[in-house]
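Notes for the structure review
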Amino acid sequence: MADEQPFEKKFGQWGEPSDGAVHEAVPAATVILLRESSGHLETLMLRRDSKLAFAGGMWVFPGGRVDPDDYDGSDDVLAAARRAAVREAAEEAGLAVDPASLVWLSHWTPPPQTPRRFATWFFVAPAPTGAVMIDDGEIRDHMWVAPADAIARRDVLEIELAPPTWVTLHTLARSATVAEALRAARDTEIEYFTTKAAVTAEGVVALWAGDAGYETGDASVLGPRHRLWMLESGWRYERD
């Protein structure tokens, strides 16, 4: 079962600033691998070792920082992110992903005061054939899971998810097949999520552009909504 300590303590990077400093966002990439099983869409998720400083114990998609070698002599950060996503899938899950199969889905930047801050490209791709092989070091477990089921398991505190992972699963849950999910990604404009966070009497709220409280960071402002409520009673995505 996931750790039940208050969210704002366990995930302080999404609440109040930890030291007031603005930390540089390191380029990173992740790949959401999809397959169909028994007529249902599933995605591969990996559980990070609980002792890791960044996202310890969380269930994530394969991914990591963009390394210098990923640039391959170029300054094209998007191309480097694609190479990093493919490399991380091989390193963390033992899977050989075809670079040409990656579809850019979104880009996420955490709040400025996040202690370990990664600006992350999210790609989606069909899962390659072959068995998942984890190192049992940085990655401790894996599962193929329907997006809606992963969200349900978080709500009963069986697993831990970061907000970008939760919102991505919420988006994927609209698709019934791999082809449908890939088509939706190709047909939708790439969205940049630059997060602001607020701590309310109810709990932590992640805010994104389009929310009435986004510019000021005040979740109580009335108006349009684009936010994720991360409450003890459950998480709820609001978007007008």
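Residues numbered from 1 in each chain as written. Predicted model: local features only at pLDDT ≥ 70, side-chain atom pairs only at ≥ 80, totals over all residues. Heavy atoms only, no water.

**Focus on the overall build of the protein chain**
Of regular secondary structure, the protein chain possesses five helices and twelve strands. Relative to its length of 240 residues, the protein chain is compact, with a C-alpha radius of gyration of 17 Å against a globular reference of 18 Å. In terms of principal-axis extent, the alpha carbons of the protein chain reach across some 45 × 45 × 40 Å. Across the 240 residues that make up the protein chain, the buried fraction comes to 47%. When contacts within the protein chain are restricted to residue pairs at least 6 apart in sequence, those whose partners lie at least 24 apart make up 62%. By element, 50% of the accessible surface of the protein chain is carried by carbon and sulfur atoms, the whole surface being about 11,600 Å². (Helix = DSSP H or I, 4+ residues; strand = E, 2+ residues; numbered from the N terminus. Rg over C-alpha atoms; globule rule 2.2 N^0.38 Å. Buried < 20%, exposed > 50% of the residue type's maximum accessible area, 1.4 Å probe, protein only. Contact = heavy atoms within 4.5 Å. Areas by Shrake-Rupley, 256 points an atom, 1.4 Å probe, with all protein chains shown as cover.)

**A short note on the layout of surface pockets**
Remark: the empty space left among the atoms is shown by a probe the size of a water molecule rolled over them. Looking at the largest pocket, its volume works out to about 710 Å³. Taken together, 33 residues make up the lining of the largest pocket; nearest its centre are Arg-48, Phe-54, Ala-55, Phe-118 and Thr-120. Listed by contribution, the elements that provide at least two residues to the lining of the largest pocket are strand 1 (26-37), strand 4 (63-65), helix 2 (77-93), strand 5 (103-109), strand 6 (118-126) and helix 4 (163-172). Residue composition of the lining of the largest pocket, by class: 17 nonpolar, eight polar and eight charged. (1 Å grid on protein atoms, 1.4 Å probe; cavity = no way out; pocket = protein on both sides within 12 Å on 5 of 7 lines; lining within 4 Å. Points joined across faces, edges and corners; volume = space filled by probe spheres on them. Nonpolar A, V, L, I, M, F, W, Y, C, P; charged D, E, K, R; others polar.)

**Quick look at unusual backbone geometry**
Leave glycine aside and you will find that most residues have negative phi; peptide bonds, for their part, are mostly trans. We note that Asp-72 has phi near 50 degrees; this positive angle belongs to a residue other than glycine. By the secondary structure assignment, Asp-72 is in the loop between strand 4 and helix 2. Given a relative accessible area of 58%, Asp-72 falls into the exposed group. Backbone geometry at Asp-136 places phi at a positive 55 degrees, although glycine is not the residue there. When you line up the elements, Asp-136 lands in the loop between strand 6 and strand 7 (139-145). For Asp-136, a relative accessible area of 45% corresponds to the partly exposed category.

**So, helix 4**
Since there are 3.6 residues in each turn of an α-helix, residues three or four apart along the chain are aligned in direction. Counting buried positions along helix 4 yields eight of ten residues, so the element is predominantly enclosed. Considered for burial, the residues of helix 4 that qualify are Pro-163, Pro-164, Thr-165, Trp-166, Val-167, Thr-168, Leu-169 and Leu-172.

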